[in-house]
Amino acid sequence: TPPVPSLCGVPLKYISLVTLAVQNSLLTIIMHYSRVSIPPSQSYSAPTAVLLNELLKGSISLAIAFTRIDRSTSYASDTPPGLTTGRFWHPSKVWLRIRRLGREVFSPDCWKLSIPAILYVIQNNLQYVAATNLEAATFQVSYQMKILTTAAFSVLLLRKQLSASQWLALFFLAIGVGIVQIQTGMGGTAKTASTLLFAGTSMNALKGFMAVVAACFTSGLAGVYFEMVLKNSQADLWIRNVQLSAFSLLPALVPIILSRPSDAGFISSLFENFGAWAWATVAIQVFGGLVTAMVIKYSDNILKGFATSLSIVISFLASVALFDFQITFTFILGSVVVLIATWLYNTPVRSSGSVRLGFAVK
Ligand code: C5P
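Going by what an unreviewed UniProt entry lists, the protein chain is known as Nucleotide-sugar transporter and is assigned to Hygrophoropsis aurantiaca.

Following this line, the structure appears as structure tokens:
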């Protein structure tokens, strides 16, 4: 069996999962803070943030793919002698790698990534609408509904089979999210410290919830589609990430062009109010995209579900400490139901072994 990839003796699988849980919580909190800590008239452009996310993630993925291309087994036989040893930056080696990268990135099936790319751009924009209009913890719990949509699309598109306990778990998930929504709908949501500071910043829970529901649909469909593309080919994950980001650029530009920035120069209007918190949000999102890829590679979506549910608890506690989020009984009840449902969904069926767990990406 091949050696388990590890860092300082700890398997990358666990490192990437814990990192994803912390990243998920950080993103929810920092994105929320970056949107509500200032009056709406001074808020930064979410479409700019989404475009920057794709540009940075694509560039980093390209750099990683560049360093890994030599390891691709498909080139083992056509590597000229003398190129396998010596300096990494030798010009002829660099040129060879660039040619190989070009061939991989512009592969005949690269267009397949355009579908998840468009869906993820929509999702990433909707995430800002949700984070602006919902409490960080409420957003995080509601966003768990993507397990439901992922399951539905897995059954529809991948013909995956779900066990009875998994269907039950999905039912409980919907109930749990519903309970959390009751407290939001009844006006029980605590005002954040920032909302109290800036009377102009008002949250529209219904708008936020609609954005979450739509984001859950795009998440499920994009995730399942990305899984289909990954499983049906041998291409390197980082090459797929480059293709994903490349196809995201055009749809990410659409809302920027439609919103017709002010009379100031195009670039300066793009970066209007783009302060430290906006950059922090983008950086955490870029990091998250890369860690998601690592989790898919070194672990699978089953454990990814656990990481996400762990991040609910982290965000919840942080919201209490940072945003003055008031704990209500319905919030705790709803969160507990969501956590139990997530656990139940991710628990393998031991019996006959004929039922495979949901959307595991190898
Ligand atoms: O929560 P969910 O798993 O749907 O979130 C996926 C997020 O990860 C999106 O923001 C998407 O842009 C990003 N992603 C990525 N690279 C992948 C898959 C997803 O950057 N290969």
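So, next bit.
Visitor: Can you walk me through the nonpolar core in this structure?
Guide: Core analysis: the biggest nonpolar cluster contains 39 residues, and Tyr44, Ala49, Leu101, Tyr128, Phe226, Phe274 and Val282 have the highest contact counts within it. Elements represented by at least two residues in this core include exactly helix H1 (12–36), helix H2 (46–68), helix H3 (91–105), helix H4 (114–133), helix H9 (205–231), helix H10 (237–258) and helix H12 (276–298). Discounting chain neighbours no more than four positions away, the residues touching Tyr128 are Met31, Arg35, Tyr44, Ala46, Ala49, Val50, Thr281 and Gln285. In terms of nonpolar packing, the next biggest core, distinct from the first, is built from 27 residues, Val141, Leu162, Ala169 and Val338 among them.

Visitor: What should I look at first to understand a nonpolar patch on the surface in this one?
Guide: On the surface, Phe306, Ile327, Ile332, Val336, Ile340 and Trp343 cluster together into a nonpolar patch covering about 550 Å² of accessible area. Tallying contributions element by element places helix H14 (residues 329–346) first for the nonpolar patch, with four residues. Tracing the sequence through the fold places Ile332 in helix H14.

Visitor: I keep staring at the environment of Ser142 and nothing clicks. Help me out?
Guide: For Ser142, the location among the structural elements is in helix H5 (residues 136–142). Judged by its relative accessible area of 0%, Ser142 is buried. Setting aside residues up to four positions removed in sequence, Ser142 forms contacts with Val177, Gln181, Phe209, Val212 and Cys216.

Visitor: Help me understand the site of the ligand, please; the structure alone is not making it clear to me.
Guide: Residues in close proximity to the ligand total 11 residues, the closest being Lys57, Asn124, Lys146, Ser219 and Asn241. Note that an oxygen atom of the ligand is positioned 2.5 Å from one of the side-chain N or O atoms of Ser219. Asn241 is positioned such that a nitrogen or oxygen atom in its side chain is 2.8 Å from a nitrogen atom of the ligand. Compared with its free state, where it exposes 480 Å², the ligand has 88% of that area covered by protein. Considering every element that reaches the shell around the ligand, the biggest residue donor is H4, with three residues.

Visitor: Looking at this structure, I do not really get the packing of aromatic side chains. What am I missing?
Guide: Think of a pair of aromatic rings as described by two things: how far the centres are apart, and how the planes are tilted against each other in angle. Using the criterion set out here, one finds nine aromatic pairs in the structure. Between the aromatic rings of Phe139 and Tyr143, the centroid separation amounts to 5.1 Å while the plane-to-plane angle is 25°, which identifies the pairing as stacked. Ring geometry for Phe274 against Trp279: centres 5.2 Å apart, planes inclined by 75°, an arrangement best described as edge-to-face. The cationic tip of Lys146 hangs over the ring face of Tyr143; the distance from NZ or CZ to the ring centre is 3.9 Å.

What counts, and at which threshold
Residues numbered from 1 in each chain as written. Predicted model: local features only at pLDDT ≥ 70, side-chain atom pairs only at ≥ 80, totals over all residues. Heavy atoms only, no water. Core = buried A, V, L, I, M, F, W, Y, C linked by side-chain atoms within 4.5 Å. Buried < 20%, exposed > 50% of the residue type's maximum accessible area, 1.4 Å probe, protein only. Helix = DSSP H or I, 4+ residues; strand = E, 2+ residues; numbered from the N terminus. Contact = heavy atoms within 4.5 Å. Patch = residues over 30% accessible without salt bridge, like charges linked within 9 Å, V, L, I, M, F, W, Y side chains within 5 Å. Areas by Shrake-Rupley, 256 points an atom, 1.4 Å probe, with all protein chains shown as cover. Salt bridge = Lys/Arg side-chain N within 4 Å of Asp/Glu carboxyl O. Near = heavy atom within 4 Å. Polar contact = N/O pair within 3.5 Å; in protein donor to acceptor, adjacent residues only side chain to side chain. Phe/Tyr/Trp six-rings, centres within 6.5 Å; stacked < 30°, edge-to-face > 60°. Lys NZ or Arg CZ within 6 Å of the ring centre and 35° of its normal.

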